[in-house]
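A closer look at the structure
Chain residues, written in single-letter form:
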Amino acid sequence: MRKLLAVLALLTMAQTTPDPHLPKPTMDSVAPALPPGLQHAVLIVSKTNGWRHIEHIPHSNTVLAEIAKGLGRASFVTENAAVFNDDQLRHFSVVVLNSASGEFLTPEQRAAFARFVARGGGVVALHAAGDNSHTDPWYVRTVIGTTFIGHPGGEDHLQSAKLLVDKPDHPAMAGVTLPWSLVDEWYSFDTNPAAKGMTVLARIDEGSYRPGAKLAMGVHPVIWVNPSSNGRVFYSALGHSPETYDDPNYRRILTNAIRWAAH
């Protein structure tokens, strides 16, 4: 009887313990205090109202702040989406959405973000910032341009794949060394974002990994930019694993993307 009660207690605890990958969605209303003298800085946002990438976010936030410092720019790392207001956004040249997921902006905050981009502010969106938890039409049209449909799971969740550079002359791809293979979680999308006007910079060689029949795209983009936006908008589907941010090619691309988006 005691063993049975112990098992039931463990099951109850398992059912009530929240999954850290699925935090309770919250909307922020009180803006954070910014450091004094912040100008032309890099805003790094990892707010998650959808799937939270607890494995990479702490490390990638550090890497992104290091990249900003190397570019001679101050950075501010936050999970407070109330920073998306006109007054505070004017302190930044580029917003990095580091696996920000879910609908994390109020309508007013989203409108401020749209005005930031309209006046030339840059955006570097990474990994889950392009998943299907984002449904706002402006965000999807401006940042993503397609719809995430999944990634391999089980034993095929993390695989090595070969990346192909379509636009080696684009500033974001400067200095990338080929051939280039990387172990990561490979996103698939329902359509090529080029069909929505995006410029694809890099794609996966689908013959180099196992996407599965339902996730195969044929031409499989993973990095692209939006050439029709007033602000420079960059998206990369890479970045599930912390190790990805230590890959020399990917760190170079992130550095290039932040420099390019901030112009």
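Residues numbered from 1 in each chain as written. Predicted model: local features only at pLDDT ≥ 70, side-chain atom pairs only at ≥ 80, totals over all residues. Heavy atoms only, no water.

Here the focus is unusual backbone geometry. Excluding glycine, residues mostly have negative phi values, and the peptide bonds linking residues are mostly trans. Of note, the amide linkage connecting Leu178 to Pro179 takes the cis form, showing an omega dihedral of 0 degrees. Considering the arrangement of structural elements, one finds Pro179 in the loop between strand S6 (159–165) and strand S7 (180–184). Non-glycine residue His127 carries a positive phi angle of around 50 degrees. (Helix = DSSP H or I, 4+ residues; strand = E, 2+ residues; numbered from the N terminus.)

All right, on to the pattern of salt bridges then. The full count for this structure, using the stated rule, is 9 salt bridges. A salt bridge links Arg251 to Glu66; the nearest nitrogen and oxygen atoms lie 3.5 Å apart. In this pair, Arg251 is assigned in helix H6 (residues 248–262) and Glu66 in helix H2 (residues 57–70), connecting sequence segments 185 residues apart. On the basis of relative accessible area, Glu66 is assigned to the partly exposed category, the value being 43%. Among the salt bridges present, the one from Glu103 reaches Arg110, with a minimum N-O distance of 4.0 Å. Of the residues examined, Glu103 reaches a relative accessible area of 30% and is grouped as partly exposed. Given the relative accessible area of 18%, Arg110 is considered buried. Connected through shared salt-bridge partners, Glu66, Asp246 and Arg251 make up one network. (Salt bridge = Lys/Arg side-chain N within 4 Å of Asp/Glu carboxyl O. Buried < 20%, exposed > 50% of the residue type's maximum accessible area, 1.4 Å probe, protein only.)

Another point: the pairing of strand S11 (residues 233–236). The alternating pattern of S11 places Val233 and Tyr235 on one face and Phe234 and Ser236 on the opposite face, and all of these are buried. Note that strand S4 (residues 122–126) and S11 share 4 bridges and pair parallel. Bridge pairing in S11 links Val123 to Val233. Note that strand S10 (residues 220–226) and S11 share 4 bridges and pair antiparallel. Residue pairing across strands places Ile223 opposite Ser236, the latter belonging to S11. Once S10 ends, the chain turns through 6 residues before running back antiparallel as S11. (Pairing = 2+ DSSP bridges.)

The subject of this paragraph is the packing of aromatic side chains. Scanning the entire structure with this criterion turns up 11 aromatic pairs. Geometrically, the ring pair formed by Tyr187 and Phe189 is edge-to-face, given 6.3 Å between the ring centres and 65 degrees between the ring planes. Each member of the pair, Tyr187 as well as Phe189, is classed as buried. Between Trp224 and Tyr235 the ring centres are 5.0 Å apart and the planes differ by 50 degrees, which places this aromatic pair in the tilted class. Separated by 11 residues along the polypeptide, Trp224 in strand S10 and Tyr235 in strand S11 bring together distant segments of the chain. Residue class for Trp224 comes out buried when judged on its relative accessible area of 1%. Among the aromatic residues, those joined into a cluster by ring pairs are Phe84, Phe104, Phe113, Phe116 and Trp138. (Phe/Tyr/Trp six-rings, centres within 6.5 Å; stacked < 30°, edge-to-face > 60°.)

Everything listed here is a matter of coordinates, which is why it stays silent on function.
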